[in-house]
Amino acid sequence: MIDRLAEAVRDNAGWCDLMCRAHGSPGTFTGRAWTNAARTPLFYPDAVTLSPAATAADVLDRIDSGPGASVKDSYATLDLPGFDVLFEAQWLWRSAPGRTDTSRTGTGPAARRRPGAGIGWEVVGDAATLADWERTAFSGEVRGLFPASLLGHVQILCGRIDGEIVCGSVLTGSGAVAGVSNVFASGCDLDTAWAGTVAMAASLFPGRPLVGYESDPEAALGHGFATIGPLRVWLKP
């Protein structure tokens, strides 16, 4: 039996490490946590707990715990003095999408809710497209967060209407699962972004369950995901 929560946590920690490696500062894995002694890229934590047995010392002794430090408390079990809870979220699990999945065929309740069935999906394959994807995903407010060195290590997805990127997401593959993150919609609705992401995951990672987390999981739940546990992200003010 797959430990669903452990797989989701491990996949996310791997994605955080991959992002840090792309910025030249890989982290370190132990049995209880992934940590990074250097301050991590924007939106990415300095530590991710990998076990409900992890303690504050397991993370704070291995990071720069000064102002701006952040910790992903994967099992919502930590007490971090001097830190505030930045947000809470839910881990997600979805059984492997199949060839007859409603997100692919355009039938079923989720598909009936979503307009924009003519959107074309692709895997980002070059630096220029990645920069365009990043501008759209972050409304032009973030630049250089996603280096081109990520290409080939993760599947960065974009959906287009008339050539313009209107939605997208990121798929990571580790262990027995595929991770879903950075789902966004700009020029279409969020249901469309989730439906396309699930369909692409079925093609790119056939047979793998999907994992991820969302602070507001409503859209994901409409596309076959279920919540499997809480998490918290802490921030040192």
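Since we're looking at a predicted model, the values are computed, not measured.

## Describing the side chain of D17
Residue placement: D17 occurs in helix α1 (residues 4-22). Not counting chain neighbours up to four residues away, the residues in contact with D17 comprise P26, G27, F29 and W34.

## Looking at the environment of C188
Residue position: C188 is located in the loop between β9 (177-185) and α6 (190-204). When its relative accessible area of 21% is taken as the criterion, C188 is described as partly exposed. Ignoring any residue separated from it by four or fewer positions in sequence, one finds C188 in contact with I119, V166 and C167.

## Quick look at the sheet that holds strand β11 (residues 226-235)
On the basis of which strands lie adjacent, the open sheet formed by 11 strands has the order β1-β2-β3-β4-β11-β5-β10-β9-β8-β7-β6 and mixed pairing. The sheet terminates laterally at β1 (28-29) and β6 (120-123), the two strands that pair on one side only. Relative to strand β10 (residues 210-214), β9 runs parallel, the two being bridged by two bridges. The residue bridging A178 from the neighbouring strand is L210, located in β10. Across the sheet, helix α5 (residues 127-137) is in contact with β6, β7 (155-161), β8 (164-174) and β9; its angle to β8 comes to roughly 105 degrees.

## Looking at α5
Among all positions in α5, only T129, L130, W133, E134, T136 and A137 are buried. One face of α5 carries all of its buried residues, which in axial projection span an arc of 165 degrees. Contacts from the buried residues of α5 go to β6, β7, β8 and β9. Of the residues that open α5, the one with a side-chain oxygen 3.2 Å from the backbone nitrogen of A128 is D126. One or two residues past the end of α5 sits S139, with phi positive at roughly 55 degrees.

## Comments concerning the packing of aromatic side chains
Applying the stated criterion across every chain yields a total of eight aromatic pairs. Both rings, one in W15 and one in F146, keep their centres 6.1 Å apart while their planes meet at 45 degrees; by these two values the pair is tilted. Of this pair, W15 sits in helix α1 while F146 sits in the loop between α5 and β7, and the two are 131 residues apart along the sequence. When its relative accessible area of 4% is taken as the criterion, W15 is described as buried. A relative accessible area of 5% means that F146 is categorised as buried. Ring geometry for W91 against Y213: centres 5.4 Å apart, planes inclined by 70 degrees, an arrangement best described as edge-to-face. Residue W91 is located in strand β5 (residues 84-94), and its partner Y213 is located in strand β10; the two are separated by 122 residues in the primary sequence. Linked through ring pairs, W15, F43, Y44, W133, F138, F146 and F184 together constitute an aromatic cluster.

Definitions and cut-offs
Residues numbered from 1 in each chain as written. Predicted model: local features only at pLDDT ≥ 70, side-chain atom pairs only at ≥ 80, totals over all residues. Heavy atoms only, no water. Helix = DSSP H or I, 4+ residues; strand = E, 2+ residues; numbered from the N terminus. Contact = heavy atoms within 4.5 Å. Buried < 20%, exposed > 50% of the residue type's maximum accessible area, 1.4 Å probe, protein only. Pairing = 2+ DSSP bridges. Axes fitted to C-alpha atoms, helices over the stretch in contact; angles between N-to-C directions. Arc of directions from axis to C-beta. Polar contact = N/O pair within 3.5 Å; in protein donor to acceptor, adjacent residues only side chain to side chain. Phe/Tyr/Trp six-rings, centres within 6.5 Å; stacked < 30°, edge-to-face > 60°.

Fair warning: the whole summary comes from geometry, so function is off the table for now.
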